[in-house]
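# Tertiary structure, described
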Amino acid sequence: MRFRTIKIVTALGLVSVLAAACGSSKSSSTPTSAGSSSSALPATIKIGVPLDLTGSSEITGVGTGEWAGVQFAVNQINSSGFLGTSKIDPVMFDTQASKTEAVQRTVELISSDHVSAIVGYSLTPSFLAAGPIAQKDGIPVMAVGLSGAGVTEVGNYIFRELLDYTKLYAFGDPQFVKATHATTAAYLYGSDTVTTSGQYAARRKLLESLGVKTVAVETITAATTDMQAQLTAIKDANPDLLVVNVDTGQVPSVLVQLGESGITAQYLGDTSLGSAVVTGNPAAIKAAQCGLFTTPWVPTSTAGGNPLFVSQWKAANNGQTPDFFDALGRDAMWAMATAIKNANSVNPSQIRDALSQISGFSGALGLYGWNNPAAPGQPTYGGVNEQVQNGQDVPWTSSTTCTK
Amino acid sequence: MLQQTVNGIALGATYSLLGLGVTLIWGVLRVLNFAYSQFIVWGAFGTLIAIENHVPTVFAVLIGMAVAGVVAVFVDMTVMQFMRRRGTSEFALVVATIGVYYILSSVAQDRSKSQIETFPIGGFPHGSVDIGSTSLPSLQLLSLVISVAVMIVLGYWLNRTRLGRATRTVAYSAPTAELLGVNSRAIFALAVFVSGCLAALAGIFNAADSSTLSYSDGDQLLVVAFAVIVLGGMGSVKGAVIGGLALGLVQVYTTLYVSGVFSNAITYLLIVGVLIVRPNGLFGVREEARV
Amino acid sequence: MLVLENLEVRYGKIRALRGVSLTVPDHAVVAVLGPNGAGKSSMLKAISGTVRPFAGRILWNGTDISRMAPHKILRLGIAHVPEGRAMIAPLTVEENLQMGAYITPRSEIDDMQDRMLELFPPLKARLSTTAGSLSGGEQQMLAIARGLMSKPKLIAIDEPSMGLAPAVANDVLAALAAIVQTGTSVLLVEQNAALALRLAHDVVVIGHGEVQAAGTSEELGHDILAAYVE
Ligand SMILES: Nc1ncnc2c1ncn2[C@@H]1O[C@H](COP(=O)(O)OP(=O)(O)OP(=O)(O)O)[C@@H](O)[C@H]1O
Ligand SMILES: [Mg+2]
């Protein structure tokens with residue numbers, strides 16, 4: 001199937017380099033008519049791009065990265081003639097990490113700018129406030145940077161670029177369990193936020209279903225600075241795996257104290273192991289040696305169109321490596337363009353249908369689509385398994401070895 | 001079990017250190033200083049910047065302590081002195097400390113761009129030390145030793161030295177102390193400086209324990225400090241020590257036997273319980289006899 | 001020699017002293033008499049720097065000390081034993097004495113303490129008691145002893161007999177007489193004129209913040225004194 005897609009893309013006569021980077025789609029019900037140019041498409045296609053560029057310290061660099069990725073995609077799409085003579089015109093709004101701003105701008109985009117679709121939203125709360133408006137008015141949305149649950153549940157016009165993080169564990173953890181032959185696990189999680197406690201619950205259920213017995217469960221809160229009591233209890237339980245889901249800011253603290261504790265269990269972490277808070281902290285990254293995690297994307301990933309994306313991004317940005325948010329923005333806009341091309345129409349409901357049929361999309365996050373009938377609106381990529389080795393994140397496979 | 005008791009004592013010792021600094025300012029100046037939270041942060045940042053500039057760790061720690069001490073004295077000599085001289089109420093003084101907290105906090109936030117910074121711990125002790133059947137991370141052992149040393153030195157200083165007696169006299173009545181030849185403003189400054197140094201020490205150990213530092217790290221520690229002195233008795237050195245140890249042990253045992261989720265709730269329940277039985281805390285002294 | 005020139009003390013609108021002038025020569029005992037609210041304590045507070053005069057000057061051996069901090073004035077040799085004794089209640093008797101010797105050279109402290117215990121024998125047995133639990137007489141003795149520990153050239157004492165039984169007041173007076181023998185000047189504020197006059201040669205009577213009469217006890221005579229004071 002994947003190979004066939006690429007062949008079709010090649011047959012469409014696109015430059016092969018571009019094809020790998022930009023992705024394409026195969027759909028069974030909508031006839032693909034890209035080759036015969038986009039006569040049904042208007043000269044400019046307005047797409048709303050509401051993102052949180054400012055407003056809260058937590059989103060520093062998030063919205064701006066996503067916007068850079070979106071612009072990067074728009075430039076590629078427009079200059080390559082991907083949509084024939086039609087050009088995408090992104091209508092950008094900074095929703096300032098504010099729910100009311102997100103709602104107002106969404107109304108404006110739909111009723112005054114008459115956008116055909118929306119590629120946007122950086123924060124789950126803003127989206128949850130504004131998304132239902134788009135759903136009600138029947139405007140398809142590709143949500144860019146939401147990691148929380150409950151996004152696609154808003155309705156059938158809602159698609160997400162970033163998967164629900166519990167899906168990452170469903171992808172990686174079974175592989176980790178198999179490779180380590182683990183039979184017991186201890187859990188350490190932050191009990192005072194829904195995100196981390198939800199991740200703990202999902203992971204524990206998953207691991208127990210794989211036959212991994214729970215031998216210890218310890219919690220910390222945002223106020224916890226010293227974890228000796230928890231670590232001693234975990235050490236006494238002597239688990240094969242130590243599954244950690246705590247706030248990113250507390251991960252270095254966990255790692256450093258873990259390093260002193262004498263616990264030898266295999267560390268199963270989360271995306272925070274790849275974040276600057278950990279990778280930039282010599283003591284923490286040293287203590288994280290051999291730690292495993294699954295992440296949606298790493299710059300070094302070789303999946304799908306990522307290598308090409310990275311090299312093109314570097315060429316366009318003075319050799320700078322793209323970050324995760326750049327990748328998300330890029331894929332989200334390319335996916336929307338692909339749906340428009342496949343629909344050969346700016347009719348919102350036809351774009352929606354085309355989105356739900358995208359498969360074999362070769363993007364920065366891998367070769368994937370949104371066509372899983374069991375999880376409508378959700379991307380089908382699984383993630384990238386990584387291991388911390390000598391202060392760096394390296395791709396992990398079941399044959400990777402690591403010494404502490 | 002024994003190991004967990006050792007954990008509790010080690011945790012409690014750092015709590016005591018936090019309590020001592022606050023109890024000192026409270027005892028002498030009679031004001032709950034919310035800016036203390038930022039003295040913790042500024043002290044740790046002082047050390048961080050010194051380490052980044054290749055100052056040996058021991059000196060970097062001393063620099064951090066001096067930074068926090070000087071900031072604390074500066075705040076006291078400007079804002080607080082000004083308000084005291086105008087005869088402002090205690091409540092207004094507390095509000096002023098909150099204002100100072102925000103100013104100091106935003107400076108620290110700006111310097112760190114709201115990010116969690118890496119606190120280099122290469123120069124701090126690492127590994128762990130075996131004590132009988134138990135083991136304790138070296139860093140915690142060091143913080144335990146330093147906390148105990150600080151308690152002893154502070155206790156000796158307050159009770160056995162001329163300057164310490166003068167501090168207790170100023171705490172009791174600054175006008176009387178003045179009549180006896182004590183420069184009460186200098187004593188205020190000294191107490192505030194020492195308190196700032198202790199704040200820094202607590203902040204540095206906390207940062208080293210997690211190898212991270214954020215401008216808001218002091219907030220949680222301030223809550224702990226207040227809990228310690230409320231439990232131990234406001235203004236009492238002995239109370240701060242015992243209160244800190246009690247708090248550390250209770251938190252560890254709760255985590256162990258109940259759940260980490262309840263560790264804070266049970267801690268505060270305990271404090272409320274103690275206050276019902278002993279409104280002045282475990283070692284509380286009456287209003288007229290603090291420090 | 002202490003000289004007050006037109007000293008004025010105000011608390012907001014209240015004029016506690018309205019231009020008081022007086023002199024305390026070296027080696028002298030001067031009694032200040034006057035009814036409640038006359039301004040006696042305010043005068044001592046101004047001398048020790050506890051309150052800042054509104055106007056006028058305070059000259060101590062020629063130096064204007066009217067704007068100095070109390071701890072500096074003490075170092076110049078003027079001790080003030082305030083009204084109400086100002087015990088440092090949580091400190092022990094010995095610690096209170098040590099605090100009294102805050103500015104005294106270390107080598108002289110033990111010697112001074114021995115002399116104070118000789119002067120006020122009841123304190124001897126109570127050295128390690130907290131000052132807060134002393135009797136009124138003992139507190140008064142401790143207050144004076146503490147004031148003397150700094151070896152002042154002039155000691156200003158505010159109503160030492162207040163609240164004391166006559167026998168105890170006599171003891172305190174006897175101790176004061178011994179202090180005078182050592183060459184220390186005393187500025188004694190009292191309401192008990194009879195008691196004050198047994199010690200003091202010079203008398204100043206204050207009323208409503210002003211000097212009503214001044215002179216030796218013979219000059220003023222007992223009747224006048226009685227009229228002003230009682
Ligand atoms: N801190 C103060 N604030 C306002 N008024 C004051 C203050 N201290 C004294 N006064 C007023 O100043 C006047 C003089 O008081 P002062 O205490 O000097 O009198 P006194 O002669 O010592 O009286 P007593 O014999 O009762 O001790 C009184 O009217 C008193 O009410
Ligand atoms: Mg009086």
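Residues numbered from 1 in each chain as written. Chains lettered and ligands numbered in written order. Predicted model: local features only at pLDDT ≥ 70, side-chain atom pairs only at ≥ 80, totals over all residues. Heavy atoms only, no water.

Contacts between the two partners involve 26 residues from chain A and, on the opposite side, 30 residues from chain B. Interface area for chain A against chain B, summed over the two sides, is near 2200 Å², with a carbon-plus-sulfur share of 52%. Linking chain A with chain B are zero salt bridges, by the criterion used here. Between the two partners, chain A and chain B, sit ten residue pairs in polar contact (both at pLDDT 80 or more). Mapped by element, the contributors of at least two residues to the side of chain A that touches chain B are strand S7 (213-220), helix H8 (228-237), helix H9 (251-261) and helix H11 (282-287) of chain A. Partitioning the side of chain A that touches chain B into residue classes produces ten nonpolar, 13 polar and three charged. (Contact = heavy atoms within 4.5 Å. Buried area = accessible area lost by both parts, 1.4 Å probe. Salt bridge = Lys/Arg side-chain N within 4 Å of Asp/Glu carboxyl O. Polar contact = N/O pair within 3.5 Å; in protein donor to acceptor, adjacent residues only side chain to side chain. Helix = DSSP H or I, 4+ residues; strand = E, 2+ residues; numbered from the N terminus. Nonpolar A, V, L, I, M, F, W, Y, C, P; charged D, E, K, R; others polar.)

Take the side chain of glutamate 8 of chain C next. All names here are of chain C. With respect to the helices and strands, glutamate 8 occurs in strand S1 (residues 2-11). Residue classification places glutamate 8 among the buried positions, given a relative accessible area of 13%. Side chain to side chain, glutamate 8 and arginine 10 meet in a polar contact 3.0 Å long. Discounting chain neighbours no more than four positions away, the residues touching glutamate 8 are Arg15, Leu17, Arg18, Gly19, Pro53, Phe54 and Ala55. (Buried < 20%, exposed > 50% of the residue type's maximum accessible area, 1.4 Å probe, protein only.)

Take the sheet that holds strand S2 (residues 14-24) of chain C next. Residues and elements named next belong to chain C. The strand order across the open sheet built from four strands is S2-S1-S4-S5, with neighbouring strands paired in antiparallel fashion. One side of each edge strand has no neighbouring strand; the edge strands of this open sheet are S2 and strand S5 (63-64). Judged from the eight bridges that link them, S1 and S2 form a sheet pairing that is antiparallel. Counterpart to leucine 2 in the pairing with S2 is valine 24. (Pairing = 2+ DSSP bridges.)

This next bit is on a negative patch on the surface. All names here are of chain C. A cluster of acidic residues, Glu94, Asp110, Asp111, Asp114 and Glu118, forms a negative patch at the surface. If one sorts the elements of the negative patch by residue count, helix H4 (residues 106-119) sits on top with four residues. Residue placement: glutamate 118 occurs in helix H4. (Patch = residues over 30% accessible without salt bridge, like charges linked within 9 Å, V, L, I, M, F, W, Y side chains within 5 Å. Areas by Shrake-Rupley, 256 points an atom, 1.4 Å probe, with all protein chains shown as cover. Lys, Arg positive; Asp, Glu negative; His and termini not counted. Charge placed at Lys NZ, Arg CZ, Asp CG, Glu CD.)

All names here are of chain C. Surveying the vicinity of ligand 1 reveals 14 residues, the closest of which are Gly37, Lys40, Ser41, Ser42 and Glu83. Contacts to ligand 1 include glycine 37, whose backbone N or O atom sits 2.9 Å from an oxygen atom. In this structure, an oxygen atom belonging to ligand 1 sits 3.1 Å away from a main-chain N or O atom of alanine 38. Within the complex, 64% of the 630 Å² of free accessible area of ligand 1 lies under protein. Taken together, the elements giving at least two residues each to the shell around ligand 1 come down to S2 and helix H1 (40-48). (Near = heavy atom within 4 Å.)

All names here are of chain C. Summarising the sheet, S1 and strand S4 (residues 55-60) pair through five bridges and their orientation is antiparallel. Each residue of the ladder has a partner; that of leucine 4, found in S4, is isoleucine 58. Two strands pair when backbone bridges link them, and S4 and S5 are joined in this way by two bridges, in the antiparallel orientation. Directly across from leucine 59, in S5, lies its bridge partner aspartate 64.

On the surface, a nonpolar cluster with roughly 510 Å² of combined accessible area is contributed by Met1, Tyr257, Val258, Phe262 and Ile266 of chain B. You can call phenylalanine 262 of chain B partly exposed: its relative accessible area is 43%.

Here the focus is the interface of chain C and chain B. Taken together, the contact between chain C and chain B spans 23 residues of the former and 18 residues of the latter. Taken together, both faces of the contact between chain C and chain B bury some 1800 Å²; the carbon and sulfur share is 63%. If you sort the residues of chain C by the area they bury against chain B, His71, Met99 and Tyr102 of chain C come out on top, with a joint share of 36%. Run the count over chain C and chain B and you get one salt bridge. The salt bridge involving glutamate 95 of chain C is made with arginine 168 of chain B; its shortest N-O contact spans 3.1 Å.

The next thing to look at is the arrangement of the chains. In this assembly two pairs of chains touch, with chains A and B having more contacts than any other pair. These two, chain A and chain C, are apart from each other, with no contact and a minimum C-alpha gap of 37 Å.

Within the chain, asparagine 344 of chain A stands out as a residue other than glycine whose phi angle is a positive 50°. Considering the arrangement of structural elements, one finds asparagine 344 of chain A in the loop between helix H13 (324-343) and helix H14 (348-355). Positive phi is not limited to glycine here, since lysine 151 of chain C has a value of about 55°. Position of lysine 151 of chain C relative to the elements: it lies in the loop between helix H5 (136-148) and strand S7 (154-158).

Residues and elements named next belong to chain A. Taken together, five strands build an open sheet; the order of strands is S2-S1-S3-S4-S5 and the sheet is parallel. Looking along the sheet, the strands with just one partner apiece sit at the ends: strand S2 (87-94) and strand S5 (158-160). Averaged over all adjacent pairs, the angle separating strand axes in this sheet is 25°, with direction ignored. Sheet strands in contact with helix H3 (residues 62-80) are strand S1 (44-51), S2 and strand S3 (117-120), and its direction is about 165° off that of S2. (Axes fitted to C-alpha atoms, helices over the stretch in contact; angles between N-to-C directions.)

This next bit is on a positive patch on the surface. The grouping of Arg85 and Arg185 of chain B together with Arg52 and Arg67 of chain C at the surface amounts to a positive patch. Positionally, arginine 85 of chain B belongs in helix H3 (residues 57-85). Given a relative accessible area of 63%, arginine 85 of chain B falls into the exposed group.

All names here are of chain C. Looking at the magnesium ion (ligand 2), the protein donor atoms are Ser41 (OG), Glu83 (OE) and Glu83 (OE), and they sit 1.9 to 2.8 Å from it. Of this pair, serine 41 sits in helix H1 while glutamate 83 sits in the loop between strand S6 (78-81) and helix H3 (93-100); the two residues are 42 residues apart in sequence, bridging distant segments of the chain. Judged by its relative accessible area of 13%, serine 41 is buried. (Donors = N, O, S within 2.8 Å, 3.2 Å for Na, K, Ca; no water.)

Read these as layout, nothing more, since geometry by itself doesn't imply function.
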